[in-house]
Amino acid sequence: RADEAQYRLLFEASPLPTWIVDEATGRFLVVNDAALAQYGYSRDEFRALTIEAIRLPQESGRMKDEFRAQANTPFVLAGAWHHRRKDGSVFAVELRAARITLNGAPAMLGFMLDADREAAAATLALRDRQLAESG
């Protein structure tokens, strides 16, 4: 019980949008607060969606192919994708996922980095270094 509470706290407190998806249906089972903030859905709205709702249709087949190709690996490095927020805006993400078992059923634990934000932060850090070196 204590371990479960500790893991739940780590999941919820993660600054990265994180979720658990039913592997068979793609339905969101659990999402953290960072995912709610990034995507704009309420917790109940997220739970009514499948992973397909946040993917671009043209990337859906590619994602399924990658997961099938890596069917026997516990950690799936899913790579660069584009996701859609509730408001329809699209942004680049770096997605990582791991196969887990939740309540006896196969599931995927996924987390993502906003690639646009990461690129902007890297650009700012580079500019700061260049300014520091020139001054």
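Draft legend 1. Representation of the packing of aromatic side chains. Going through the model one piece at a time under the given rule, you end up with six aromatic pairs. On the numbers, 4.7 Å between centres and 75° between planes, the contact of Phe28 with Phe46 is edge-to-face. One end of the pair, Phe28, is in strand S2 (residues 28-31); the other, Phe46, is in helix H3 (residues 43-47), with 18 residues separating them in the sequence. Judged on exposure class, the residue Phe28 and its partner Phe46 are both buried. Ring centres of Tyr39 and Phe91 lie 5.5 Å apart, and the angle between their planes is 55°; this geometry places the pair in the tilted category. Taken as a pair, Tyr39 in helix H2 (residues 33-39) and Phe91 in strand S4 (residues 90-102) lie far apart in primary sequence, 52 residues in all. Sitting above the plane of the Phe91 ring, Arg85 keeps its charged end 3.9 Å from the centroid.

Draft legend 2. Spatial organisation of unusual backbone geometry. In the Ramachandran plot, Asn103 falls in the positive-phi region, its phi being about 50° despite a non-glycine side chain. Structurally, the position occupied by Asn103 is in the loop between S4 and strand S5 (105-114). The exposed category is assigned to Asn103, whose relative accessible area is 78%.

Draft legend 3. Representation of the nonpolar core in the model. The biggest cluster of nonpolar side chains holds 17 residues, and the ones touching the most others in it are Trp19, Phe28, Val31, Tyr39, Phe46, Ile54 and Met112. When residues of this core are traced back to their parent elements, those giving at least two are strand S1 (18-22), S2, H2 and S4.

Draft legend 4. Spatial organisation of helix H1 (residues 2-13). Counted at 1.5 Å a residue, the expected span for H1 with its twelve residues is 16 Å, and the 16 Å between its end C-alpha atoms agrees. Counted residue by residue, H1 has one buried out of twelve residues, so it is predominantly exposed.

Definitions and limits used
Residues numbered from 1 in each chain as written. Predicted model: local features only at pLDDT ≥ 70, side-chain atom pairs only at ≥ 80, totals over all residues. Heavy atoms only, no water. Phe/Tyr/Trp six-rings, centres within 6.5 Å; stacked < 30°, edge-to-face > 60°. Helix = DSSP H or I, 4+ residues; strand = E, 2+ residues; numbered from the N terminus. Buried < 20%, exposed > 50% of the residue type's maximum accessible area, 1.4 Å probe, protein only. Lys NZ or Arg CZ within 6 Å of the ring centre and 35° of its normal. Core = buried A, V, L, I, M, F, W, Y, C linked by side-chain atoms within 4.5 Å. Expected span 1.5 Å × (residues − 1).

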